Amino acid sequence: MSTSRAESQQPPYARKRSPPLSVGATTFLNLWVHDSKDLGNTVSFNHACWPGVAEGDMLSITGNGTKDFFFIVQKNDPPKPQLQISIPQSVAERFGFRNNAEVTLTKVDQGQHCADYVELVFQDQYLGRNDMWRLGEHLVGQCVYTDQEVNFIGSIAAKIQNIYIGGRKVPAACMTSRTKAIYRSLSAKVTIFIQVCRELWEFAGDGERYNEKIVHSFLPALFAKWKEAGTNHTVTIMLISRVYYDESEIDYAAGPLQRDERGQWYKDFYKVITDLEVIYEWKPTLVSLKNSFWDFQRDILLTHHYHLHGSTEQVRLVGRLSYAHDGPILEALNLGLNPTETHYIDRSLQLTGSVTMLITPGTGYFRVNKQLLRLTTTRMLDQGFGLDLICLEQPPLHQSPIFSFQGLPPDEKVNDAGSRDMDPLWGGERRKRDGEKESDDEREKVIFWWEPFWISVSFWDKQMDLPFREDRFVARAKMHEIQMLGLLEHDVLSSIEVPYLKDDEDQHSPGPSPTAAQQFDNDIFAVGTEPQQPPVNPNRMSVISISSSTTEVISSSYRVPLEKRASHRNSLTTPKVPPIEESPRTYLSELPVETPTRTRNSSPSQSSIHSLRSNLSGYSSKKSITRDREGLSLTSKLTPSWLFKPFRSGPSEPQTSPVSASVRSGGVIPVASSSPTPSTSTLSTPTLATPTISAALPSIPFPSTSLNLTRASDELASHTPQPMAIKTRSTPLRSNFSRAVDSEVRAALARPGSPHDDSVLTAFTKRRSTVSSLSVPWTSSSPGSKPNPSKPQSTVSYVQASLAARWRHVFACPAYKHDIKWSSMVTPGCLPLTVEYFPSTAELEGSYDVFSYDFVVDPDEMRSFLIKPPQVKGNAEDFRRAWALVVMRGMAAVRLAQGFQFVLQKPKKGQDVQGDDQDRRTTAFRRHQSFMGISDDDIPKPWGAAEVLKSTANPVYLSMSNEIHRISYTGEAIQVRRYVRRMPSTKPFDYECLIWPKLGVGYTEQKTQFRSHGLENYGWNRLDMLVAGYEHQFNESLRYWRTRFVIIPTLERPTTNTGPTGEKLNDEETRILGWQSPDEKDKGVGAPPVRFLPTTLSPAASVRDDVLMHQLDQIHAAGPLQKKVKSEREIGDMSLSAIAKAMREDDGVPIKNNHWHRMQYQNSFTGFDFVSWLVREFRDVSSRSQGVEVGVRLQHEGLFEHCRGHHSFLDGHYFYRLIGEYAVPSTPRLQSWLPRYDTLTLGRSSYLPTTPARQKSSLAKQPMKRRLILSETMVIDIDTNKRSDQAEAVILHHDIIHNPATVFHFELQWIGTTGRYIEDQLRQWNKTIERYGLKLVEAYVTQISDIRDRNAFQSCFPVRLAVPPPAVPDLHLRVPEGTHTAHYFEYALLRRFGFILDVEASDLYPDDVDVVYSYRRSPYKYSQFIHRSGVAFIQVKGGTDGFLFLTNRLMGSGRTRGKEEKRPAVEAEKLRVDLDVFCSDPAMLEEFYRAQVEQLGPMPEGPPEPPLLEL
């Protein structure tokens, strides 16, 4: 190691070229600390201070007692010559550096400090997967540290939370192109399902009920974690339950009854406690949840049926809650997946990610339907989400989580490479021939166990009165009936007898023969070579077993007759419990003792526990022993089972286990048959359970699984059985029992057991003492074997590992099952960008179909708004290649947005992932050329997402669950090859249930269908053409992002009332001034203006205005107003009379009769039309501002005047008329501009082209309908400062005709655009229009009455009218022209409560027109209003049905923070209560109707008689 001092006094030119520094070289420099605003967030280093330093070297800075901070040497450009090294203020505060302090600089090896994983957190923003990819590329080559603030393209903000190297956390490291970034969101959508089942009211081992554990223990701890992390999640809490009914109760329990596979009738109930709310104070929610627990059973078992049948019948209490393992787990999960499957609709720009939690009092075992489980797994894979399962029970002695389902056994004849037909979930379906039905399959269904890899389990067993010891297992047995009896009232304590051991029988018993004793030792302590399963004898077992229907209490000294066994329902009424005692049997043989002294124990159970606690370490790491039938019988003769139970190493066979892990219903797993099956020798893996307790349940003979453990079996066979000494080892307790790997951890998926990798077995066999209870599937290579959840296999199934690899790169270090997964519940992780799984060539050929297409790269024809044109200098080929690269990156970006992942090269065993390019070339996979096109040069080459598409030389592979895309450049064209796995069709699952929404008044029926919306039939070709620029419109088949916004006139008056020229404006004129296009203020100089047509009519009545429709036709016919090419006239040379004559020409200023607020302005024109005419016709007017100056001058010269005399000339919807000699009357109209009509006679129309059935009926009546397009579409660039590295464009749809008294609509649509740019643009627009008395609010894309079609847990609240509106004769004659009278009083009532019109119902439009809005996809059945605050929507049903009320859950506080102190949900609830109270009061309604009738105008008199004709 070389050490040097800074030689800053010597000028750089006087020194010779120094040799490069070696690793470990150090120097001492003076440290400065600078502000980030001055020198940025980078380290400024003067190369002259340390000769030999080169650009790109990695140095560490160490101070007195500080941690090492790393940085990469950049270009030598110090701001001051005397500066040696300067770091940002944030770095100094994080690492404890002081200004003007001496620090030590050391050159370090960059390869030793490269981060494997970097964890970033972000909040209050939508971070798309394309943004994550670009942000990771931006960080490559930078040294990062924990708590560092990261900014990208001036908009995206994130914070580095953790850095991992080799599975351990480090404070700082260097990011390379191979570093994998993990993104976690602090603002996610959280859904919490709480299972309400029979066990919820039972007592846990610490005496606390499970429902109390939820309210008093787990949820407060979760909310405290959220508060500590500073999260801002949108939360939904829901109670889910299933109720079973007997045959005699079916008629009374009418409704959405369903029948399970066992023939039992049931109904599922859901109650929403919290609905998409950001809650800051959780105490009221916990109180409401606690009350709901106690009301839940009464509501679903009694009150629900009372309201269903009414008060005419006798009230009956019917149904019974299910146990935890029969709950509607998958059904609830699919209901929650429905809205997230269309996350791109109503896209929130402040939320990223989704997490679903299930809190259950069970142990993680569930009995499910195979079809639904397959569908759920497919949907979870497609959406990239996981489930956090929180079990309130202690960890069971079987594998958890675990699903059981009935299915047909897999077909043994299927031998396709990589086929999923051998998996019990995906297989078992024979390919039916033509005309063959499912009933023709004669195979018998069997029960399979399957562990879901998409579930992360946490066992919340926080003892309220006892400390939890992770290194110790305490035997437990649960006796629910005795717990619930009440010991003091029923006098049970006196009948429980636990006698002492009897010594006299052992003293006189003859000892065993030497041969028998030797055989006994071999059976107990040696590894058996040919074990057999003993027959199950329930009469010899001392066990308490509780099944789902009955409870059996069996003891060695007392046995309850079968006919007297109490069931769960009537156990509380049992008058007295029979005596319970535990006594040892009398044995004929005596076990030779090893100690000379004997100690009397109080009871056998205490002795067992004492042996367990003192010898746990010694017995945990021994191999499991299987005994044959003779050995078991000898054991039963020589010693009691409880005595030698501690000496058994590992979990024993489930058939011979004398003690159950848990005797509650949740711990009992039913099996297909009860006949014993032979078992083979296995190398068992110890679970969290103690060796003294069996890993399975008694009297339940699970079919054992045959494993192909070649090495393990050879190793076991090489040892001869020898007696083993009973002694204690000093093995750490945690290494034997606590390191149970979780379902989705990296350790379980690091080496998946595939047919191509035989190192998996060795890896897991060597780790059997530490890695236990692996989350592995239950299938093996043998199709005839059946899973055993109590004996997990030592290998990971190839099918399961390949699917679970989708989440592999979100885990930087292994997790363990005994840990609480706070990380995923507090800051849920996003789906990783990369995956290492890539099928083999044989699997591609045998299990995939290939589809391909290509398109030519022609830069001259490509006009894409989704990509940024490259800036390349060179020949035509270089320019074409650069275009191909940006197009390929755009194609990869849109696939990332749909859930695809980059396929990386998989490192071989022992290979360093952070190696150089030479390692990459030498470790590439070797595959042969095949017809699928996969050769040695085409396999995935990148090692990280940042290495993808750096050039067009290598193809890029993107993978989803069942589909792989290969994008490559051939030199002239871009080729896309799609590999789609051949899978059995996933059938839709019909489902019915009862849901009580947050705004509901009870349980309502809900019918839905679960289906997988995969991407197999997605229009990839059209999407790629859109990216390349050969297409320019979004299609509904594409999953593009969309969100609708409305601009609302607020209740507050505008803060400004001055026009552009200083004119004083009223409130309406001020709002019109601010009601310009949201993007107009951000347009360039040469961009055309956006044309609006203001009106005072409603949307439906405006289509009857001929003048307005004529202006609309001009807009669509002429397009944007532009200057004529050959414009030779100059207005400065023209007289006023010439100007007035030019205005009246055919292409002059439109002069006509205008209408505004019941007043007509004859022979008038608008200021907007006049300025547009000036810009278009005269070459000396080049902008609209110059046009306004000309208009002001002409008004002063006396050419025209303001119709009302209030304003000078303004560019807008202000009416002016020619005066004096220049005034010429227009041609009189033959009929009124707006005919009087009754709304009830208008008929119906649609927003979109009519349906075929509608067309047939309409064509029979009239030949054609007039089509009116009332919206305009444009592409706008939201990256006004040009800071982004990609194109940032969105499609804007907006209204053309607008009434200032209603809202203005526009919708944004995009694919791949940075969400933060869109949010920043919306904030800027909202800030601009606020001073005009306007407000920007996000609104639902569809009508609110259809909200349940997308989210079953949301519903509108019905507000009924106690008194229907009165019928007023000739109402249409007493209201202003154009006023709708169908719901006149309902509209007036809504205006009283501050609502304004949003969208009118389709039946209010005339029947002879077809109204089209480019952003509306379906007609509105009811007229929809929105509150002026934006917190709520309401639809008018009319009559006594009243209204439908819905809280605007899309309205967040982020965009308007600082202007609103009140929360939107609270304001909406107050508004709903006030409206409901008013509508429920008949007196208040009648008074309101009376006041409205009095305000109506008088009945118009008949038309006067015409005068007599004079001759």
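Higher on the page you've got the structure.
Residues numbered from 1 in each chain as written. Predicted model: local features only at pLDDT ≥ 70, side-chain atom pairs only at ≥ 80, totals over all residues. Heavy atoms only, no water.

**What to know about the environment of Lys987**
With respect to the helices and strands, the residue Lys987 is situated in the loop between strand 35 (973–981) and strand 36 (989–996). Residue classification places Lys987 among the partly exposed positions, given a relative accessible area of 42%. (Helix = DSSP H or I, 4+ residues; strand = E, 2+ residues; numbered from the N terminus. Buried < 20%, exposed > 50% of the residue type's maximum accessible area, 1.4 Å probe, protein only.)

**Overview of the sheet that holds strand 43 (residues 1215–1218)**
Reading across from one edge, 40-41-43-42 is the order of the 4 strands in this open sheet, with antiparallel pairing throughout. Each edge of the sheet is formed by a strand with only one pairing partner; in this case those strands are strand 40 (1152–1156) and strand 42 (1200–1202). Shown here is a sheet whose adjacent strand axes are inclined to one another by a mean of 55 degrees, direction ignored. Pairing analysis gives 3 bridges linking strand 42 to strand 43, with the strands arranged antiparallel. Note on strand 43: the bridge partner recorded for His1202 is Tyr1216. (Pairing = 2+ DSSP bridges. Axes fitted to C-alpha atoms, helices over the stretch in contact; angles between N-to-C directions.)

**Some points on the pattern of salt bridges**
Within this structure, the stated rule accounts for 45 salt bridges. For Arg881, the salt bridge goes to Glu877, with nearest N and O atoms at 3.6 Å. Here Glu877 and Arg881 lie together in helix 22 (residues 876–897), a separation of 4 residues that amounts to about one turn. Residue Arg881 is classed as partly exposed on the basis of its relative accessible area, which comes to 33%. Residue classification places Glu877 among the partly exposed positions, given a relative accessible area of 32%. Residues Arg1104 and Asp1408 are paired through a salt bridge, measuring 4.0 Å at the closest nitrogen-oxygen approach. On the criterion of sequence distance, the pair formed by Arg1104 in the loop between helix 26 (1099–1102) and helix 27 (1106–1118) and Asp1408 in the loop between strand 51 (1395–1399) and strand 52 (1409–1412) is long-range, its members being 304 residues apart. The exposure class of Arg1104 is partly exposed, given its relative accessible area of 25%. (Salt bridge = Lys/Arg side-chain N within 4 Å of Asp/Glu carboxyl O.)

**Looking at helix 22**
Between its first and last C-alpha, helix 22 extends 32 Å over 22 residues, near the 32 Å set by a 1.5 Å rise per residue. Of the residues that open helix 22, the one with a side-chain oxygen 3.3 Å from the backbone nitrogen of Glu877 is Asn875. Just beyond helix 22, the residue with positive phi is Gly899, at close to 105 degrees. (Expected span 1.5 Å × (residues − 1). Polar contact = N/O pair within 3.5 Å; in protein donor to acceptor, adjacent residues only side chain to side chain.)

**A closer look at the side chain of Arg379**
Examined against the element boundaries, Arg379 turns out to sit in helix 7 (residues 370–383). In contact with Arg379, not counting residues within four places along its chain, are Asn334, Leu337, Asn338, Glu341, Phe1010, Arg1011 and Ser1012. (Contact = heavy atoms within 4.5 Å.)

**Quick look at the packing of helix 34 (residues 1384–1392) against helix 36 (residues 1482–1494)**
Running from N to C, helix 34 and helix 36 cross one another at 105 degrees; their axes reach a closest spacing of 11 Å. Considering the angle they form, helix 34 stands roughly perpendicular to helix 36. Residues Tyr1384, Phe1385, Ala1388, Leu1389 and Arg1392 of helix 34 form the contact with helix 36, whose participating residues are Leu1485, Phe1488, Tyr1489, Gln1492 and Val1493. Its residues assigned to classes, the contact of helix 34 with helix 36 comprises 8 nonpolar, 1 polar and 1 charged. (Parallel < 35°, antiparallel > 145°, perpendicular 65-115°, else oblique. Nonpolar A, V, L, I, M, F, W, Y, C, P; charged D, E, K, R; others polar.)

**Thoughts on the packing of aromatic side chains**
Summed over the entire model, instances satisfying the criterion amount to 54 aromatic pairs. Relative to Tyr145, the ring of Phe69 lies with its centre 5.8 Å away and its plane at 75 degrees, an arrangement referred to as edge-to-face. A residue pair is termed long-range when its members are at least 10 positions apart, and Phe69 in strand 5 (residues 69–72) and Tyr145 in strand 9 (residues 143–145) qualify at 76 residues. Among the aromatic side chains, those forming a connected cluster through ring pairs are Phe1165, Phe1170, Trp1173, Phe1178, Phe1200, Phe1209 and Tyr1216. Above the face of the Phe95 ring, Arg94 is positioned so that its terminal group lies 5.6 Å from the ring centre. (Phe/Tyr/Trp six-rings, centres within 6.5 Å; stacked < 30°, edge-to-face > 60°. Lys NZ or Arg CZ within 6 Å of the ring centre and 35° of its normal.)

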